[in-house]
Amino acid sequence: DQQVKQNSPSLSVQEGRISILNCDYTNSMFDYFLWYKKYPAEGPTFLISISSIKDKNEDGRFTVFLNKSAKHLSLHIVPSQPGDSAVYFCAAARAYFGNEKLTFGTGTRLTIIP
Amino acid sequence: NAGVMQNPRHLVRRRGQEARLRCSPMKGHSHVYWYRQLPEEGLKFMVYLQKENIIDESGMPKERFSAEFPKEGPSILRIQQVVRGDSAAYFCASSQTDRDYGYTFGSGTRLTVV
């Protein structure tokens, strides 16, 4: 039962353009969402998060949007840079319930074309 | 300030042997999480520990797997009588407090069962 879904396994974007990565979830108990970035042979690195009381959170070139009614979130990277090429994982948590674990999506491999 | 240290980076075991994976959290972090990533999948939660206590082991297989986080020393994930299906990347993460979901992950241990 995949509660967090990233339906695009891969995405290619021209350098300087906007990258948009999407994530859908099915469990309405999730109330905290995160994006992680992962390079080969390394562990995931936390990028940005958003609580369900917000619909947008921005940090430099990274913005996360949350649409609770659609159970959908997206990560926007602008402008995209070659160093952004990595696998991006969406993750969700039930923070209000004090649940510590993260449920991850299967990832989207982003390739930035110079 | 060293990050989360996992060793070994690579571990090869024959079927039926035991695998021991070690994780030293970041300095000052007392919360440790283990996740497993099977090929072409996202990370799956296994267990959450605090010093000397298992808080949530809902993701651990019922048999052959155990975890500990002693008062002194690293956290250990132990897999007894390994099978081919245990081949995966095992990631440890740590945090300073609970509900600090932006975990810091280690680089992982890649277990191969032959």
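Residues numbered from 1 in each chain as written. Chains lettered and ligands numbered in written order. Predicted model: local features only at pLDDT ≥ 70, side-chain atom pairs only at ≥ 80, totals over all residues. Heavy atoms only, no water.

### Remarks on the layout of surface pockets
1) Next: Volume-wise, the largest pocket comes out at about 540 Å³.
2) Next: If you trace the largest pocket, you find 25 residues lining it, with V87, F89 and R109 of chain A together with Q37 and E40 of chain B closest to the centre.
3) Next: Listed by contribution, the elements that provide at least two residues to the lining of the largest pocket are β9 (86-93) and β11 (108-113) of chain A together with β9 (88-95) and β11 (109-113) of chain B. (1 Å grid on protein atoms, 1.4 Å probe; cavity = no way out; pocket = protein on both sides within 12 Å on 5 of 7 lines; lining within 4 Å. Points joined across faces, edges and corners; volume = space filled by probe spheres on them. Helix = DSSP H or I, 4+ residues; strand = E, 2+ residues; numbered from the N terminus.)

### Topic: the environment of V82 of chain B
Residues and elements named next belong to chain B.
1) Next: One can find V82 in the loop between β8 (75-79) and β9.
2) Next: Note: C-alpha distance between V82 and R14 (68 residues apart in sequence) is 7.4 Å.
3) Next: If near-sequence neighbours (up to four positions away) are discounted, V82 is found in contact with R13, R14, R15, G16, Q17, A19, R64 and V113. (Contact = heavy atoms within 4.5 Å.)

### Some words on the sheet that holds strand β7 (residues 62-67) of chain A
All names here are of chain A.
1) Next: Read from one edge to the other, the open sheet built from five strands follows the order β1-β3-β8-β7-β6, with strand pairing classed as antiparallel. Among the strands making up the open sheet, the edge pair consists of β1 (4-5) and β6 (56-59).
2) Next: Across two bridges, the pairing between β1 and strand β3 (residues 19-25) is antiparallel. Pairing of K5 across the sheet is with D24, part of β3. (Pairing = 2+ DSSP bridges.)

### Description of a nonpolar patch on the surface
Residue and element names in this part refer to chain A.
1) Next: On the surface, I18, I20 and V78 cluster together into a nonpolar patch covering about 230 Å² of accessible area.
2) Next: Looking at the secondary structure, you find I20 in strand β3.
3) Next: Judged by its relative accessible area of 37%, I20 is partly exposed. (Patch = residues over 30% accessible without salt bridge, like charges linked within 9 Å, V, L, I, M, F, W, Y side chains within 5 Å. Areas by Shrake-Rupley, 256 points an atom, 1.4 Å probe, with all protein chains shown as cover. Salt bridge = Lys/Arg side-chain N within 4 Å of Asp/Glu carboxyl O. Buried < 20%, exposed > 50% of the residue type's maximum accessible area, 1.4 Å probe, protein only.)

### Considerations on the state of the cysteines
Residue and element names in this part refer to chain A.
1) Next: Summed over all chains, the structure comprises two disulfides over all chains.
2) Next: Note that C23 is cross-linked by a disulfide to C90, the S-S spacing being 2.0 Å. Here the disulfide of C23 and C90 is left-handed, its torsion about the S-S bond being about -70°. Pair noted here: C23 is in strand β3 and C90 is in strand β9, with a separation of 67 residues, a long-range link.
3) Next: By relative accessible area, C90 is classed as buried at 0%. (Disulfide = S-S within 2.5 Å.)

No statement about biological role is implied by the geometric values presented.
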